[in-house]
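Listed here are the chains, written in short residue letters.
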Amino acid sequence: MAVQVETSESIELALLLEAIHRRYGFDFRDYSADPLRRRLHRRARAEHVESLSELQGLLLRDPGCMERLLGDLSVNVTAMFRDPSFFAALRRTVVPILRMRRFARIWCAGCSTGEEVYSLAIVLREEGLYDRVRIYATDLNEYALEAAAAGVVPLGRMQEYTDNYIRSGGRREFSAYYVAAYDAARFNRDLIGNVVFAQHNLASDRAFAEFDLIFCRNVLIYFETGLQNRVTELFCDSLRPFGVLGLGSRETIAHSPVAGRFAPLAPRDRIYRKAA
Ligand SMILES: C[S@@+](CC[C@H](N)C(=O)[O-])C[C@H]1O[C@@H](n2cnc3c(N)ncnc32)[C@H](O)[C@@H]1O
C-alpha cells in the first residue's frame, strides 16, 4: 500500500498555522490553502526570512510580526453599497420583514472597516427602521474594527460610493451622510448610534445572540469547505425562525449542510430566509 508522504512545504504550513493558533488563538487552519500560502510567503519576504519555518520562529517571538501578518491575512477589501443590487434587494425583500418587528437584532459578521455597516445604517434610516434595530458589527481584525468605529474613508472613493448608493435605490443626497475635510470623509456619528463593534472570530467563537438578520458577505470565500459549513451552521443556529441571511455575490448556502433549512428570498443577490 502506498504511503501518503507530505511535502516539507505542507508540513511547514501546518506547523506554522498550529503555532499561530496556540500562541495567539487565531485559527487559520481551515482557510483556503493557496491564497493563505501566497500571503504567508509575502509576509516572509517582507520580514526578510527565507521559509515558513523561519517565519514561524519570528511570529512566536514577536507579537508585532503577528500584527502585521494579521493585516495580510484578514483581507479587508470592502466598499460602501458593495454590489448595489444586493442593497436594492435588501430594501425590496428584507425591509418589509423587518417592518413587521417591533425590534430587530442584526449581525454584520466580517464587517471589515465598516463600510457595509454604514451602508446598512443608511438604508435602515431612510426606511424609518433605524431606531428599532441594534446592529452587532464584528470582525476578526481589531484594527479594522477601530477604523470602522472612526468612520473615516478616503475622499477619493466617494464618487464610486455615491454611484453605488444611487444604483442601490438611495433616496437622498449621499453627501448628507458625511462631512468632507481635506482628503477624507467622516460619516455622521448618528449612523452608528445603534451599532456595537466587537471582535468575533467565526472560526472559533460561538453564537452570542439570536438575530433577525445576519450579513456575512465576502468572508466565506476565504474558508475551506469544512469551515464554511461550520460557519453556515453557526448562522443557522443564530437566526430566529424566518430570520434572513445575506451572503456575498460569490457565496451560496446551496452546498451547506443547512441548505434545506433555508428558502431563497432574493437568490440572485444571495439573500435567504430561514424556515420556521
Ligand atoms: C473581504 S472583507 C469583507 C468585508 C465586507 N463584509 C464586505 O463584503 O465588503 C473580509 C473580512 O472578513 C474578516 N474575517 C476573515 N476571517 C474571519 C474570521 N475567522 N472571523 C471573523 N472575520 C473574519 C476579515 O478580517 C475581513 O475584514
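Above this text is the structure in question.
Here's what I pulled together on the structure shown here. If you're wondering where the values come from, they're calculated on a predicted model, not measured in any experiment. Chains are numbered independently. Their residues run from 1 in the order of the written sequence. Only residues with pLDDT of 70 or above have their local features reported here, since the model is predicted, and side-chain atom pairs are shown and tallied only from 80 upward, although totals for entire chains, interfaces and linings are computed over all residues.

Thoughts on the environment of Asp 27
Each helix is a run of H or I in the DSSP string that is no shorter than four residues. Each strand is a run of E no shorter than two, and both are numbered from the N terminus. For Asp 27, the location among the structural elements is in the loop between α1 (8-24) and α2 (33-46). Residue class for Asp 27 comes out partly exposed when judged on the 18 C-beta atoms lying within 10 Å of it. The spatial distance from the C-alpha of Asp 27 to the C-alpha of Leu 17 is 7.3 Å, given a sequence separation of 10 residues. A residue is called partly exposed when the number of other C-beta atoms within 10 Å of its own lies between 12 and 20, exposed at 12 or fewer, and buried at 20 or more, with C-beta atoms placed from the backbone.

Some points on the pairing of strand β7 (residues 211-216)
A large share of β7 lies buried, amounting to 6 of its 6 residues. Relative to β7, strand β1 (residues 104-109) runs parallel, the two being bridged by 3 bridges. Looking at the pairing, Ile 106 lines up with Leu 213 of β7. Here a strand pair is declared whenever DSSP counts at least two bridges between the two strands. One ladder, built from 5 bridges, connects β7 with strand β8 (residues 239-247); its direction is parallel. If you follow Phe 211 over to β8, its bridge partner there is Leu 239. The handedness of a crossover follows from its direction of travel: if, with the strands pointing away from the viewer, the path from the first strand over the helix to the second runs clockwise, the crossover is right-handed. Considered for its hand, the β-α-β crossover made up of β7, helix α9 (residues 225-238) and β8 is right-handed.

Let's talk about the packing of α1 against helix α3 (residues 52-61)
For the pair α1 and α3, the least separation of the axes is 9 Å and the interaxial angle reads 10°. Judged by the angle between their axes, α1 and α3 are roughly parallel. Contacts from Glu 12, Leu 13, Leu 15, Leu 16, Ala 19, Ile 20 and Arg 23 of α1 reach α3 at Leu 52, Ser 53, Leu 55, Gln 56, Leu 59 and Leu 60. Between N-to-C directions, angles cover 0 to 180 degrees, with each direction set by a line fitted to C-alpha atoms, over the stretch in contact for helices. Throughout, the term roughly parallel applies to angles under 35 degrees, roughly antiparallel to angles over 145, roughly perpendicular to angles from 65 to 115, and oblique to all others. We call two residues in contact when their backbone-placed C-beta atoms lie within 7 Å.

What about unusual backbone geometry?
Phi is positive for Phe 81, which is not a glycine, with a value near 50°. Locating Phe 81 in the fold gives a position in the loop between α4 (63-73) and α5 (84-99). Looking at Phe 81, the number of C-beta atoms within 10 Å reads 28, which means it is buried. One non-glycine residue, Arg 270, lies in positive phi territory at about 60°.

Structural notes on the nonpolar core
Only buried residues count toward a nonpolar core: Ala, Val, Leu, Ile, Met, Phe, Trp, Tyr and Cys, linked into one set through C-beta atoms within 7 Å. With 57 residues, the main nonpolar core has Cys 108, Val 117, Ala 121, Ile 135, Ala 137, Ile 214 and Leu 245 as its most contacted residues. Counting residues per element, this core draws most heavily on helix α6 (residues 115-126), at 7 residues. Once residues within four sequence positions are removed from consideration, Leu 245 is found in contact with Ile 214, Phe 235, Leu 239, Ile 253, Phe 262, Tyr 272 and Lys 274. Residues Leu 16, Ile 20, Ala 44 and Leu 59 belong to the second largest nonpolar core, which totals 12 residues.

Topic: the packing of α2 against α4
The relative placement of two packed helices is expressed as an angle between their axes plus a distance between the axes. In contact at an axis separation of 10 Å, α2 and α4 are set at 140° when each is read in the N-to-C sense. Overall, the two elements α2 and α4 adopt an arrangement that is oblique. The way α2 lies across α4 gives a crossing that is right-handed. Between α2, through Arg 39, Arg 42 and Arg 43, and α4, the contact on the second element is made entirely by Arg 68, Leu 69, Asp 72 and Leu 73. Under the convention adopted here, Pro, Cys and the residues Ala, Val, Leu, Ile, Met, Phe, Trp and Tyr are nonpolar, Asp, Glu, Lys and Arg are charged, and Gly plus all remaining residues are polar. When its residues are assigned to classes, the contact of α2 with α4 shows 2 nonpolar, no polar and 5 charged. Handedness of each helix crossing follows the sense of rotation of the near helix against the far helix: counterclockwise by less than a right angle gives left-handed, clockwise gives right-handed.

Topic: α5
In this scheme, a helix's expected span is set at 1.5 Å multiplied by one less than its residue total. In a regular helix each residue adds 1.5 Å, so 16 residues correspond to 22 Å; α5 covers 21 Å between its end C-alpha atoms and thus fits that length. Listed in full, the buried residues belonging to α5 are Pro 84, Phe 86, Phe 87, Ala 89, Leu 90 and Val 94.

Thoughts on the sheet that holds strand β4 (residues 178-181)
Spatial strand order, β3-β5-β4: 3 strands in an open sheet with antiparallel pairing. The sheet is open, and its two borders are formed by β3 (152-154) and β4, each paired with just one other strand. Pairs of neighbouring strands in the sheet enclose a mean axial angle of 30°, with direction left out of account.

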